[in-house]
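Each chain, written out:
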Amino acid sequence: MLKSKTFVKKTRSGRVMKIVREHYLRDDIWCGSEACDQCQQESTVLQREACIESNLCSFSHYLIPDTNVVLHQIDVLEAPVIRNVVILQTVLQEVRHRSAPVYKRLKDLVHEGERHFYTFTNEHHRETFVERQPGESANDRNDRAIRVAAKWYSEHFANPDGPKVVLLTNDHANKQKAQENGLLVYKFEEYIKGLIANPELVDRLALSNDEKNDITSSRVLFPEHLPLSKIQAGIKSGAFLQGTFKASRDNYLEAKVFIQKDEEDGTEVLIQGLQNLNRAVHQDVVAVQLLPRSQWVAPSSVMLQDVGCAKDDDVEEEEKEDALRSSGGVADRKPTGKIVGIIKRSWRPFCGMLNVSQIKESTRHLFTPADRCIPRIRIETRQASTLAGQRIMVAIDGWPKDSRYPNGHFVRSLGVAGEKDTEEEVLLLEHDVPHQAFSQAVLSFLPKMPWSIKPEDMVGREDLRDLTVCSVDPPGCTDIDDALHCRELGNGNFEVGVHIADVSHFIRPGNALDKEAANRGTTVYLCGKRIDMVPELLSSNLCSLRSNVDRLAFSSIWEMNQKAEVLKTRFTKSVINSKASLTYAEAQMRIDDTSKNDDITKSLRSLNKLAKILKKHRIEKGALTLSSLEVRFHMDSETHDPIELQTKELMETNSMVEEFMLLANISVAQKIYAEFAECALLRKHPAPPPSNYDILLKAAKSKDVLIHTDSAKALADSLEAAKVDGFAYFNTLLRILATRCMMQAVYFCSGMDSDFHHYGLASPIYTHFTSPIRRYADIIVHRLLAVAIGADSTYPDLTDKHKQSALCNNLNYRHKMSQYAQRASVAFHTQLFFKSRDVLSEEGFVLFVRKNAIIVLIPKFGLEGTVFFDGKDKSVPNLVFDEERPSLTVEQHTFHIFDRVKVTVSLDDSNIQHQKIRMALTEPVIPGVSVSATDVDKPNKKPKLDR
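Residues numbered from 1 in each chain as written. Predicted model: local features only at pLDDT ≥ 70, side-chain atom pairs only at ≥ 80, totals over all residues. Heavy atoms only, no water.

Caption draft 1: Looking closely at the overall build of the chain. The secondary structure content of the chain amounts to 25 helices and 40 strands. By residue count, 53% of the 947 residues in the chain fall in the buried class. If you take every contact in the chain between residues at least 6 apart in sequence, the share linking residues at least 24 apart comes to 68%. (Helix = DSSP H or I, 4+ residues; strand = E, 2+ residues; numbered from the N terminus. Buried < 20%, exposed > 50% of the residue type's maximum accessible area, 1.4 Å probe, protein only. Contact = heavy atoms within 4.5 Å.)

Structure representation (structure tokens):
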């Protein structure tokens, strides 16, 4: 049966088009139930005996949830006890349009066979399709379609012994109409509370509007949020700005809103004070109203942690807000605003721990998230005694204007806090790192073992197995992306080759393996653990360029003269056989050992010689050499606990490999942009705005050193010249500060941007080609390059600049979260290291000063910690903060940036949720002042030269 709808549409150019939409209806769509003897179905999903122990439904039954139940109660629907659920096409389509994350979770449930979730295409069934009536809203039409489908299922199983159908809704009007139609219908909370032996599911229920009203007070704490229509009108008129809300980790009364889609290029608005923050949560998209210039303020130098209790203490908050506003001069004031509305919530389940209420028999408790950027959340649970001491997940349901904290519900327990497996799960969830096992659908696209190179694999591929190729990597590396060779030619020049694993040979566009790799975006390296982007068969075996085995590669080969000038460049698919898999230390030993003169060693020496010249040329052009401390843990072979912690030592061979990877990336970027000007996937590094350098300039000035930031070259030259007599470590500290001033490098599509420049590398064009095992961006670049040299064919998405741009957005997000997860892993393992040790005394340097604290860097451990100053008898010490110098005077002693201090370092694990590295000053000694412990800052990994 065919239904059609005809209407006219006016195009942007003013033309009128006639549109005909056809909708096909069928009468052979299956119900999906084993209990059915009417449908001619080949397979079934819904069980014949569908019983869940319930006080309301003691009979076999199927559940049909409406759209709002799915959207708001997905945490409950995911519970294993909920089975035999009919997901209507109407519901699936609505959820898809309203929440992509919930849609994905729902699709996962449907694909999970043992859960028996069945998708019924009611919109194409002749007996369940309903047309929208005149004057009927789209929402009312969809509710009616759900009721009609539920009625059809009820009549379809009219047999008294067959399963019944239960419609679940939270909409009072929908429930009433369903009852009038003779349907068995319950409110979702009513049904869940009726289940027997599953009391924990009640805790997972998202609060209904009625329940939200029950727990609010009569006192209004926050301004009303404006409706979306007013927000949109205000943004259009320029009265409001739209941006992403970023809460401060160090000060819960302060945040920034980044204006524009790309925060790397956007401006920011400062928000201070609870009322101005107005219930926005980290990462929400918000509407901001700028305050008059007379009310602009400077970012606070006070560090404030929210250690409040369940009561709202307005007096205490006002005192804290007064302290916020009392610092900062007129010159330091930033555009300041207030949140007037929420455009899009970015809420997700948050990991953390429960603060059990001190009120006896109370079921309402405060949940403290692991991420300090997230506010505490009030939840209701009857499992408080069980959940105490565990890491749990909680979701936010809403934030009333008369509540100091948002309301939420318990989602699930993750395990005992402090245990390594639990904490690793937390950091992966908190940083949104996909870490589930690869599905069978993904694994089905892997090559069948045993695998070997076949004649068809050699078509269009050069055989380079006779070359003296070797790889140089960190110790224990199994996912070897790259290998190199160098040989002298008859004309006195050198042939240099960078050979990269040909991952794109194994991962073909559009299949499940490709989609999973694109979603994951990058491999995540934790301490002692790796979350692979692609299955291990590829990452550690077939794609890894291990020694003495034939491997498929993509090669970039140059002819270079003795001055390291590139004379010729060519790219080719190849097959190689690496002659050695070396660590950086092993390669360095070969180069330095004058008794060695084998082919591998000679190749390495030539590569090292050319790399030094390449690096010199880069630096002359203005490339930056920055610094940050990167630490390495030595693990116990049995317990996998850290037994030694030290900063990584970089050798010439690190730089050697880096230089040729950079050269390969630049060469490939030039080639793919020449061939695909509109859709090349490139990488840029924006120049920092001048304000980013404020702290660097002030710090250098405090030591009478002048730093120029007009250009990358000016910065590089002045950093190179920055020295202080008797203070050898000064230059390293200055480069560490310069690193903090930098912007994040990002992927982009060439057809969607005009600024290609890579600031840090001083290169006009750049991409990523050299790590396709661990970065999906490199796979796309390989595909573009393969098409450019005629080694492979193109496909539509590859040349669609809009899809490439959307892909880049995901890759940038995954890359950023991967970095954060890696830093969190280092921080956790640092705590484990100090847990088993006595108090250590170490030398450190003041890296930053705040109004009530100093931040100390201990180079030996690459560790940063914040030292707060308090009076020993709870009195406030005499603190004088000078933001211009910058310096902090405590009693009679003044701390400047880069001052040497001595501290004792130990672990304070009295609060298992936020374990603290306690740094206590031993030099200088300040009488009458004590030092508070603080969270160890996540170590800043050294920004590699983006190879």
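Next comes the rest of the write-up.
Caption draft 2: Structural context of the pairing of strand S36 (residues 893-896). As paired elements, strand S35 (residues 887-890) and S36 share 4 bridges and run antiparallel to each other. The residue of S36 that forms the bridge with Thr-889 is Thr-894. Where S35 hands over to S36, the hairpin turn is made up of 2 residues, of which Glu-891 adopts a positive phi near 55°. (Pairing = 2+ DSSP bridges.)

Caption draft 3: Geometry of the nonpolar core. In terms of nonpolar packing, the biggest core is built from 86 residues, with Val-496, Leu-538, Met-560, Leu-604, Phe-660, Leu-681 and Tyr-776 touching the most fellow members. With 10 residues, the single largest contributor to this core is helix H24 (residues 776-788). When residues no more than four places from it in sequence are discounted, the contact partners of Tyr-776 are Asp-514, Ala-517, Ala-518, Gly-521, Met-533, Arg-783, Leu-807 and Leu-811. Ranked by size, the runner-up nonpolar core spans 55 residues in total, among them Leu-71, Ile-82, Tyr-103 and Phe-120. (Core = buried A, V, L, I, M, F, W, Y, C linked by side-chain atoms within 4.5 Å.)

Caption draft 4: A look at the sheet that holds strand S17 (residues 407-416). Around the barrel, 5 strands lie side by side as S13-S14-S15-S17-S16; this closed barrel has mixed pairing. Taken pair by pair, the neighbouring strands of this sheet meet at an average axis angle of 55°, ignoring direction. The pairing of strand S13 (residues 350-355) with strand S14 (residues 364-369) spans 4 bridges and is antiparallel. If you follow Gly-352 over to S14, its bridge partner there is Pro-369. Of the strands in this sheet, S13, strand S16 (390-398) and S17 are in contact with helix H14 (residues 420-430), which crosses S17 at around 140°. (Axes fitted to C-alpha atoms, helices over the stretch in contact; angles between N-to-C directions.)

Caption draft 5: Looking closely at the state of the cysteines. What the rule picks out here adds up to 0 disulfides. Not engaged in a disulfide, the cysteine Cys-679 finds its nearest cysteine sulfur in Cys-749; these two sulfurs lie 6.3 Å apart. (Disulfide = S-S within 2.5 Å.)

Caption draft 6: Region of interest: helix H6 (residues 172-180). For H6, the set of buried residues is Asn-174, Lys-175 and Ala-178. All buried residues of H6 project into a common sector of 100° when viewed along the axis, lining one side. Residues of H6 that are exposed and angled more than 90 degrees away from the buried face: His-172 and Glu-180. Summarising the contacts, the buried residues of H6 are in contact with helix H5 (138-156), strand S6 (164-169), strand S7 (184-187) and helix H7 (188-193). Here H6 starts with a cap whose side-chain oxygen sits 3.0 Å from the backbone nitrogen of Ala-173, and that cap is Asp-171. Gly-182 sits one or two positions beyond H6 and adopts a positive phi of about 80°. (Arc of directions from axis to C-beta. Polar contact = N/O pair within 3.5 Å; in protein donor to acceptor, adjacent residues only side chain to side chain.)

Caption draft 7: Local environment of the packing of helix H16 (residues 512-520) against helix H25 (residues 801-835). The geometry of H16 relative to H25 is characterised by a closest axis approach of 8 Å and an angle of 55° between their N-to-C directions. Relative to H25, the element H16 lies oblique. In contact with Ala-518, Asn-519 and Arg-520 of H16, H25 contributes Leu-807, Asn-810, Leu-811 and Arg-814. Residue composition of the contact of H16 with H25, grouped by class: 3 nonpolar, 2 polar and 2 charged. (Parallel < 35°, antiparallel > 145°, perpendicular 65-115°, else oblique. Nonpolar A, V, L, I, M, F, W, Y, C, P; charged D, E, K, R; others polar.)

Caption draft 8: Here's a closer look at the side chain of His-282. With respect to the helices and strands, the residue His-282 is situated in the loop between helix H11 (274-277) and strand S11 (285-290). Judged by relative accessible area, His-282 falls into the buried class, the value being 17%. A distance of 3.0 Å separates a polar side-chain atom of His-282 from the backbone nitrogen of Ala-247. Residues within four places of His-282 in sequence aside, it is in contact with Phe-245, Lys-246, Ala-247, Cys-373 and Ile-374.

Caption draft 9: The arrangement of the packing of aromatic side chains in detail. Overall, the coordinates contain 18 aromatic pairs when judged by the stated rule. Centre to centre, the rings of Phe-120 and Tyr-153 are 5.1 Å apart; their planes meet at 75°, and the pair counts as edge-to-face. Here Phe-120 is found in strand S5 (residues 117-120), whereas its partner Tyr-153 is found in helix H5, with 33 residues between them in sequence. Classification of Phe-120 by relative accessible area gives buried; the value is 0%. One aromatic cluster in this structure is built from Tyr-62, Phe-120, Trp-152, Tyr-153 and Phe-157. (Phe/Tyr/Trp six-rings, centres within 6.5 Å; stacked < 30°, edge-to-face > 60°.)

Caption draft 10: Seen up close, the pattern of salt bridges. Enumeration according to the criterion identifies 47 salt bridges in this entry. Two residues, Arg-487 and Glu-495, come together in a salt bridge whose shortest N-O distance is 2.9 Å. The shortest N-O distance in the salt bridge between Asp-899 and Lys-703 comes to 3.9 Å. One end of the pair, Asp-899, is in the loop between S36 and strand S37 (900-908); the other, Lys-703, is in the loop between helix H21 (694-701) and helix H22 (712-721), with 196 residues separating them in the sequence. Look at Asp-899 and you get buried, because its relative accessible area is 16%. Within the structure, one salt-bridge network assembled from shared partners comprises Asp-203, Arg-364, Glu-380 and Arg-382. (Salt bridge = Lys/Arg side-chain N within 4 Å of Asp/Glu carboxyl O.)

Caption draft 11: Region of interest: the confidence of the model for the chain. Confidence in the prediction for the chain averages 88 pLDDT; 90% of positions are at 70 or higher. The low-confidence segment residues 308-315, where pLDDT is below 50, has 13 contacts with residues more than four positions distant or belonging to other chains. In the model, residues 937-943 has pLDDT below 50 throughout and makes 27 contacts with residues more than four positions away in sequence or in other chains. (pLDDT = per-residue confidence, 0-100.)

Caption draft 12: Fine view of the environment of Cys-373. Note that Cys-373 resides in the loop between S14 and strand S15 (377-380). Cys-373 gets classed as buried once you look at its relative accessible area, which sits at 13%. Separated by 126 residues in sequence, Cys-373 and Ala-247 place their C-alpha atoms 5.3 Å apart. Not counting residues up to four positions away in its chain, the partners in contact with Cys-373 are Ala-247, Ser-248, Arg-249 and His-282.

Caption draft 13: View of the side chain of Glu-123. Its place among the elements puts Glu-123 in the loop between S5 and H5. Side-chain polar atoms of Glu-123 contact the side chain of Arg-141, separated by 2.8 Å. Those residues in contact with Glu-123, other than ones at most four positions away along the chain, are His-23, Leu-25, Gln-89, Thr-90, Gln-93, Phe-129, Arg-141 and Ala-145.

Caption draft 14: A look at the sheet that holds S36. One open sheet holds the 3 strands; their spatial order is S34-S35-S36, and the pairing between them is antiparallel. On the outer flanks of this sheet lie strand S34 (879-882) and S36, each paired with one strand and no other. Sheet twist, expressed as the average angle between the axes of neighbouring strands with direction ignored, equals 15°.

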